[in-house]
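What follows is the residue order along each chain.
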Amino acid sequence: MYDLTLTFDNGPDPDVTPRVLDILAARGIKTTFFVIGEKLADPERRGLAERAHREGHWIGNHTFTHSIPLGEQSGRDTAENEIGRTQDAIGDLAHPQRWFRPFGGGGNLDTRLLKPSVVDYLTHKKHSCVLWNAIPRDWDDPDGWTERALEQCSRQPWTLMVLHDLPTGAMAHLERFLDRADAAGARFRQDFTPTCVPIRGGEIALPINDYVSSIEESV
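Residues numbered from 1 in each chain as written. Predicted model: local features only at pLDDT ≥ 70, side-chain atom pairs only at ≥ 80, totals over all residues. Heavy atoms only, no water.

Draft legend 1. Focus on empty space enclosed by the protein. Applying the stated criterion across every chain, the model contains one cavity of 30 Å³ or more. Roughly 50 Å³ of volume is contained in the largest cavity. Counted by class, the lining of the largest cavity contains eight nonpolar, two polar and one charged residues. (1 Å grid on protein atoms, 1.4 Å probe; cavity = no way out; pocket = protein on both sides within 12 Å on 5 of 7 lines; lining within 4 Å. Points joined across faces, edges and corners; volume = space filled by probe spheres on them. Nonpolar A, V, L, I, M, F, W, Y, C, P; charged D, E, K, R; others polar.)

And the structure:
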């Protein structure tokens, strides 16, 4: 038996997110969709975020452009441009905890994620920063990720997994993964293991130095 929290990054996508939502609904699984802010300008994609919210999923912030990791951007307006604009786009779909997930350019948990001005912004705006402890690289291996995901789940009592509702073909295997995880004793849950939430409600809850770059000190 193990706990499993699923999250979906980089959407919504009109060719993939509806099917993901159908699969989750059929199994009664609630998750979080960490959306790209600029995608919500498209009414169809915004509608998908609204549907996910309506069906009980949480909507999180995954930056506005998902272009350059925040810890590698030297500009002082990074946080407002990437986090603030996305939160505005999410609007009334936001969770009270104001979930935010940074990205490290391929699932890296290192100083690419954040920088001091971003940390200050997250604390001032009462965001919660959500990381992960399993990343089966579904975007990189759309047919083979399920085995890696199951193996990652088996190694720890509570897995917080990153998947992507993107048109890579990976989500064609979502049902099989969920069935196999269920057979292996997975308890699906929506909340996040505290070890993956270093900032909660604007309060720094865990050491974050490993995720904060010094780029602003060099400009």
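Draft legend 2. Molecular detail of the packing of helix 3 (residues 78-90) against helix 4 (residues 116-124). Following both chains from N to C, one finds helix 3 and helix 4 inclined at 45°, their axes separated by 9 Å at the closest point. Here helix 4 runs oblique to helix 3, going by the angle between their axes. Viewed along their axes, helix 3 and helix 4 form a crossing whose handedness is right-handed. Only Ser117, Val118, Tyr121 and Leu122 of helix 4 make contact with helix 3, whose side of the interface consists of Thr78, Ala79, Glu80, Ile83 and Gly84. Across the contact of helix 3 with helix 4, the residue classes tally to five nonpolar, three polar and one charged. (Axes fitted to C-alpha atoms, helices over the stretch in contact; angles between N-to-C directions. Helix = DSSP H or I, 4+ residues; strand = E, 2+ residues; numbered from the N terminus. Parallel < 35°, antiparallel > 145°, perpendicular 65-115°, else oblique. Left-handed = near helix turned anticlockwise from the far one by under 90°. Contact = heavy atoms within 4.5 Å.)

Draft legend 3. Representation of the nonpolar core in the model. Judged by nonpolar contacts, the single largest core of 32 residues is most densely connected at Leu4, Phe8, Phe33, Met161, Met171, Leu174 and Phe177. Looking at this core, the elements that each hand over two or more residues are strand 1 (2-9), helix 1 (17-27), strand 2 (32-35), helix 2 (43-54), helix 5 (145-154), strand 6 (158-164) and helix 6 (174-183). If sequence neighbours within four positions are ignored, Met171 has contacts with Phe8, Val16, Val20, Asp138, Trp145, Leu163, His164 and Asp165. Counting residues in each nonpolar core, the second largest holds 18 residues, with Ile83, Val118, Val119 and Ile135 among its members. (Core = buried A, V, L, I, M, F, W, Y, C linked by side-chain atoms within 4.5 Å. Buried < 20%, exposed > 50% of the residue type's maximum accessible area, 1.4 Å probe, protein only.)

Draft legend 4. Spatial organisation of the packing of aromatic side chains. Tallied over the entire structure, the rule returns six aromatic pairs. Ring centres of Trp58 and Phe192 lie 5.8 Å apart, and the angle between their planes is 70°; this geometry places the pair in the edge-to-face category. Placement of the pair is Trp58 in strand 3 (residues 58-61) and Phe192 in the loop between strand 7 (186-188) and strand 8 (199-200), with a sequence separation of 134 residues. For the pair formed by Trp58 and Phe192, the shared burial category is buried. Members of the aromatic cluster, each reached through a chain of ring pairs, are Phe34, Trp58, Trp99 and Phe192. Directly above the ring of Phe64 sits Arg85, whose terminal nitrogen or CZ lies 3.9 Å from the centroid. Here the basic side chain of Arg189 rests over the ring of Trp158, its NZ or CZ set 3.7 Å away from the ring centre. (Phe/Tyr/Trp six-rings, centres within 6.5 Å; stacked < 30°, edge-to-face > 60°. Lys NZ or Arg CZ within 6 Å of the ring centre and 35° of its normal.)

Draft legend 5. Representation of helix 2 in the model. For helix 2, which comprises twelve residues, the first-to-last C-alpha distance of 16 Å matches the rise-based estimate of 16 Å (1.5 Å per residue) to within 8%. Among the residues of helix 2, those classed as buried are Arg45, Arg46, Leu48, Ala49, Arg51 and Ala52. Remark: Gly56 follows helix 2 within two positions and exhibits a positive phi of approximately 100°. (Expected span 1.5 Å × (residues − 1).)

Draft legend 6. View of helix 5. Considered for burial, the residues of helix 5 that qualify are Trp145, Thr146, Ala149, Leu150, Gln152 and Cys153. The arc that holds every buried residue of helix 5, seen down its axis, measures 160°, which confines them to one face. Those residues of helix 5 that are buried are in contact with strand 1, strand 6 and helix 6. (Arc of directions from axis to C-beta.)

Draft legend 7. Seen up close, the environment of Thr63. By the element assignment, Thr63 lies in the loop between strand 3 and helix 3. On the basis of relative accessibility, which here comes to 0%, the residue Thr63 falls in the buried class. A C-alpha to C-alpha distance of 24 Å links Thr63 and Asp141, two positions 78 residues apart in sequence. Setting aside anything within four residues of it in sequence, one finds Thr63 in contact with Val35, Ile36, Gly37, Leu70, Glu82, Thr86, Phe100 and Phe103.

Draft legend 8. Region of the structure containing the layout of surface pockets. In this structure, the largest pocket occupies an estimated 150 Å³ of space. Among the residues making up the lining of the largest pocket, the classes are represented as six nonpolar, eight polar and two charged.

Draft legend 9. Highlighting the side chain of Thr17. In this structure, Thr17 sits in helix 1. At a separation of 2.7 Å, a polar atom in the side chain of Thr17 contacts the side chain of Asp165. With residues up to four places along the chain from it excluded, the contact list for Thr17 reads Pro12, Phe33, Leu48 and Asp165. (Polar contact = N/O pair within 3.5 Å; in protein donor to acceptor, adjacent residues only side chain to side chain.)

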